[in-house]
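Chains, contacts and geometry: an overview
Here is what each chain is made of, one letter per residue.
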Amino acid sequence: MSGVSQASSHPARAAEDGGRAQGLAVKDVAKRFGRFPALKGVSISAEPGEFLALLGPSGSGKTTLLRIIAGLETPDAGTVFLQSEDFLAQTPRERRVGMVFQSYALFRHMTVAKNIAFGLEVLPRAQRPRKAEIKARVKQLLALIQLEDLGGRYPRQLSGGQQQRVALARALAIEPRVLLLDEPFGALDAKVRKELRYWLRRIHDETGVTTIFVTHDQEEAMDLADRVAVLKEGRIEQVGAPEALHEHPASAFVFDFLGESNRLPCHLSGDLAAFDGFSAPAVVAPGASGNTTAWFRPHETELSGEGPGLGVTVTGVHNQGGLVRVDLSAADGSTFEVDLPRVSRPTGLGVGAQLKLRPRRVFVFADAPVP
Amino acid sequence: MRTMVPEKPKGFAWLVVGAAALWMGLAILLPLVSVFVEAFRQGAAAYFASFQDPDAQAAIKLTLQVALVAVPLNALFGLAAAWLIAKFEFAGKGLLLTLIDLPFSLSPVISGLVWVLVFGANGWFGPLLDQLGVRIIFTYTGILLATILVTFPFVARELIPLMQAQGTDEETAAVTLGAGGRDIVWRVTLPNIAWALVYGVLLCNARAMGEFGAVSVVSGHIRGLTDTMPLHVEALYNDYNFVAAFAVASLLAGLALVTLAVKTLLEWRFSSELASGARR
């Protein structure tokens, strides 16, 4: 398909443009719904060809941001530019932004092929490709989503995963300059989710279209995206590559949102967190000092029968494939979770066992509330 | 569901089904059959001769003229109201929904009487209209107004639940694909509700042609002028002209049967689409 090949040369073209191509730039965008502030001044940019994930809990404003970029909502303040074009001054048609919804939103009375062709058939007559051309493009897109033989089916005759692939093909048919996906896999079961995740990344790499992906699933975001923006209550908490977010989370919120976490009061001196009778190396965020909270991951925690550490009692043991998840509680009632590889599971691990808990590495933040 | 069906009392179940069937037969089927039996009591020739009467023809014509205007108007209104209610959020939505339902809960006689109160000789605007030489009560216009009021909710009521269930997802998707307002309405919104609209129009039409109470109040019963089919049936019946009365009545009954047949056909042919609409 000409559109796909054209788009795939896009990153190369961007490189030729040198520093001039800036992709999509959102600046200081704010939006209220009645008295509820959905976005409180968000700035973020996506490089041409980049795969950007917007990650956050529900109500964090990520979908609102996506809908503003698509032209479905108008922000109260701020700007949205694509290259040098003022997006906010353009209609959704002029923006040429492809969007994929959690509900698929396929046209139920149209066949798969008609769905895919829709964006081309509603083009003004002067820009509309000829019938044969549209047909050829639909065929190429059907091949791209590996549903060559299902062009004549109706959406209701397809599985959820197939429907979402059709929705993606429909969005790609207009050769979007930016592709927006709003929780696209939210309605699918875990196995299909994972398959489609890798498939989507492949499609992105093939077409090279700048992609913004909204999700509340941190695993999905970290797995898929070149960069992840973590949103909280209408603000961007941190933007970075998945690796960077994992290794240097900017706030306790980011750390907590990116995975399960344990908390323990500590005294910070330098990059060492001191606890009662033991200590652990700390990754220290700017501004953190003194008596604070140490955050650590279940899989970066050790359990042993003796030696230094926090005295804890086992309250539950769950087998999770190659891992053993151990629930623990301390004398003061605080609870912890520890993931142990099944092979290194200590002997005598059972409910009621008295053990010592020791984090191997902790994170310390300026904003961390003392538990 | 299966567990809810009692397995044991087979005999009792048949008794209940039989009682229901008997009741249906007595209350619905028997009167319907009797219309046609009475209409043909004196043979087909007498039946068809009933339609040669100029007053009968005038009644049929008037009924068609009323339905021809009232139904499209209420279809348009129903479409607009359902679209507003299903696709937009606005203040007063609940009030609008209640107002649409009002004619359902109102006695048809009241629906006719209100027009007399407004436009009648002693009504609010009666003297003014009299001076202008405009007559509404006891004319086609009055019958039309009464019919419109009575059949007001049919199309809207048929469309609102379907459109609410379908939501605005598809329209939103169409916007992102570059569709303009006209494309969205013609290619997305209308095709999704086409069969419900057809059904609503059928129901609306059946009621528009069959309405008695409201029309009776405003018509004045002038034979050959302001008698619609239902009014003409009553007039003939009161004249002891039973064959003619039932002949005209058989037309209305036939209309009901056709409406029912088309409804069944639509449900059978498009059940999967309606079901997929309900699922979302």
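Predicted model only: the values in this text are computed from it and were never measured.

Reading the values: the criteria
Residues numbered from 1 in each chain as written. Chains lettered and ligands numbered in written order. Predicted model: local features only at pLDDT ≥ 70, side-chain atom pairs only at ≥ 80, totals over all residues. Heavy atoms only, no water. Helix = DSSP H or I, 4+ residues; strand = E, 2+ residues; numbered from the N terminus. Buried < 20%, exposed > 50% of the residue type's maximum accessible area, 1.4 Å probe, protein only. Contact = heavy atoms within 4.5 Å. Lys, Arg positive; Asp, Glu negative; His and termini not counted. Charge placed at Lys NZ, Arg CZ, Asp CG, Glu CD. Axes fitted to C-alpha atoms, helices over the stretch in contact; angles between N-to-C directions. Parallel < 35°, antiparallel > 145°, perpendicular 65-115°, else oblique. Left-handed = near helix turned anticlockwise from the far one by under 90°. Expected span 1.5 Å × (residues − 1). pLDDT = per-residue confidence, 0-100. Patch = residues over 30% accessible without salt bridge, like charges linked within 9 Å, V, L, I, M, F, W, Y side chains within 5 Å. Areas by Shrake-Rupley, 256 points an atom, 1.4 Å probe, with all protein chains shown as cover. Salt bridge = Lys/Arg side-chain N within 4 Å of Asp/Glu carboxyl O. Buried area = accessible area lost by both parts, 1.4 Å probe. Core = buried A, V, L, I, M, F, W, Y, C linked by side-chain atoms within 4.5 Å. Domains from an automatic or database assignment. Polar contact = N/O pair within 3.5 Å; in protein donor to acceptor, adjacent residues only side chain to side chain. Nonpolar A, V, L, I, M, F, W, Y, C, P; charged D, E, K, R; others polar. Phe/Tyr/Trp six-rings, centres within 6.5 Å; stacked < 30°, edge-to-face > 60°. Lys NZ or Arg CZ within 6 Å of the ring centre and 35° of its normal. Pairing = 2+ DSSP bridges.

1. Some words on the overall build of chain A
Of regular secondary structure, chain A possesses 11 helices and 20 strands. Once the C-alpha set of chain A is aligned to its principal axes, its extents read approximately 80 × 45 × 45 Å. Buried positions account for 51% of the 371 residues belonging to chain A. When contacts within chain A are restricted to residue pairs at least 6 apart in sequence, those whose partners lie at least 24 apart make up 68%. Positive and negative charge centroids in chain A, built from 44 and 42 side chains respectively, lie 9 Å apart.

2. As for the packing of helix 9 (residues 169-176) of chain B against helix 10 (residues 181-210) of chain B
Residues and elements named next belong to chain B. Contact pair helix 9 / helix 10: the axes reach a minimum separation of 10 Å and the direction vectors enclose 160 degrees. Considering their axes alone, helix 9 and helix 10 lie roughly antiparallel with respect to each other. Note on packing geometry: the crossing formed by helix 9 with helix 10 is right-handed. Where helix 9 approaches helix 10, its residues E170, E171, A174 and V175 are matched on the opposing element by I184, V188, T189 and N192.

3. A short note on helix 7 (residues 140-151) of chain B
Given a rise of 1.5 Å per residue, 12 residues ought to cover 16 Å, and the 16 Å separating the end C-alpha atoms of helix 7 of chain B matches this to within 8%. Of all the positions in helix 7 of chain B, only G142, I143, L144, A146, T147, I148, V150 and T151 of chain B are classed as buried.

4. A few points about the confidence of the model for chain A
Chain-level statistics for chain A give a pLDDT mean of 88 and a share of 92% at 70 or above. Predicted confidence is poor over residues 1-21 of chain A, with pLDDT under 50, and the contacts of this stretch with residues over four places away or in other chains come to 22 contacts.

5. Topic: a nonpolar patch on the surface
Side chains of W124, F125, L128, L132 and V134 of chain B sit close together on the surface and give an oily, nonpolar patch of about 570 Å² of accessible area. Following the sequence through the fold, L128 of chain B ends up in helix 6 (residues 126-132).

6. Some remarks on the interface of chain B and chain A
Taken residue by residue, the interface counts 23 residues in chain B and 24 residues in chain A. Carbon and sulfur atoms supply 57% of the area that chain B and chain A bury against each other, a total of about 2100 Å² over both sides. Our enumeration of links across chain B and chain A arrives at two salt bridges. Taking the shortest distance from any N to any O, the salt bridge between R187 of chain B and E121 of chain A comes out at 3.8 Å.

7. Describing the confidence of the model for chain B
Residue and element names in this part refer to chain B. Model confidence for chain B is summarised by a mean pLDDT of 87, while 93% of its residues fall at 70 or above. At the level of individual helices and strands, chain B shows its lowest average pLDDT in helix 14 (residues 271-279), which scores 47, and its highest in helix 9, which scores 94. Below pLDDT 50 for its whole length, residues 275-280 participates in 11 contacts with residues either more than four positions away or in separate chains. Taken over the whole predicted complex, pTM reads 0.79, whereas the ipTM for its chain interfaces reads 0.81.

8. Observations concerning the pattern of salt bridges
This structure, assessed with the given rule, holds 30 salt bridges over all chains. Residue E85 of chain A pairs with R177 of chain A through a salt bridge whose shortest N-O separation is 2.8 Å. Here the residue E85 of chain A occupies a position in strand 5 (residues 85-86), and R177 of chain A occupies one in the loop between helix 7 (160-173) and strand 7 (178-182), the gap between them amounting to 92 residues. The exposure class assigned to E85 of chain A is partly exposed, which follows from its relative accessible area of 30%. Its salt-bridge partner being R157 of chain B, residue D101 of chain B comes within 2.7 Å of it at the nearest N-O pair. Of the two residues, D101 of chain B sits in helix 4 (residues 93-105) while R157 of chain B sits in helix 8 (residues 153-166), which places them 56 residues apart along the sequence. Classification of D101 of chain B as partly exposed rests on a relative accessible area of 26%.

9. Describing the nonpolar core
Among the nonpolar cores identified, the biggest contains 47 residues, and I116, I145, V166, L168, L172, L200 and V228 of chain A are the most heavily contacted of them. The next biggest cluster of nonpolar side chains, apart from the first, holds 39 residues, and it includes L159, M229, V248 and L252 of chain B.

10. Quick notes on the domain arrangement of chain B
All names here are of chain B. Assigned domains of chain B: these are domain 1 (1-39) and domain 2 (44-279). Contacts between the two partners involve five residues from domain 1, matched on the other side by nine residues from domain 2. Seen at the junction of domain 1 and domain 2, the total is zero salt bridges. One can count zero residue pairs in polar contact (both at pLDDT 80 or more) joining domain 1 with domain 2. Classifying every residue of the side of domain 1 that touches domain 2 by side-chain character gives four nonpolar, no polar and one charged.

11. Thoughts on the packing of helix 10 of chain B against helix 13 (residues 242-269) of chain B
Residues and elements named next belong to chain B. Where helix 10 contacts helix 13, the two axes come as close as 10 Å, and the packing angle between them is 170 degrees. Our classification of the angle between helix 10 and helix 13 gives roughly antiparallel. Across the interface between the two elements, W195, V198, Y199, L202, L203, N205, A206, M209 and G210 from helix 10 touch L252, L255, T259, V262, K263 and L266 from helix 13.

12. Here's the deal with the packing of aromatic side chains
The tally for this structure, following the rule as stated, stands at 21 aromatic pairs over all chains. Their ring planes at 80 degrees and their centres at 5.0 Å tell us that W83 of chain B and F88 of chain B sit as a pair that is edge-to-face. Exposure remark for W83 of chain B: the relative accessible area of 36% places this residue in the partly exposed category. Arranged with centres 6.2 Å apart and planes meeting at 35 degrees, the rings of F119 of chain B and F125 of chain B form a pair that is tilted. An aromatic cluster is present here, built from F255, W295, F363 and F365 of chain A joined pairwise through their rings. Lying over the aromatic face of W199 of chain A, R165 of chain A brings its terminal NZ or CZ to 5.8 Å of the ring centre.

13. Quick word on the sheet that holds strand 6 (residues 97-100) of chain A
Residue and element names in this part refer to chain A. The strand order 6-7-8-3-9-10 describes an open sheet built from six strands, whose pairing is mixed. Where the open sheet ends on each side, the last strands, each with one partner, are strand 6 and strand 10 (235-240). On average, adjacent strands in this sheet sit at an angle of 20 degrees to one another, irrespective of strand direction. Summarising the sheet, strand 3 (residues 51-55) and strand 8 (residues 210-215) pair through five bridges and their orientation is parallel. Across the sheet, residue L52 finds its bridge partner in strand 8, namely I212.

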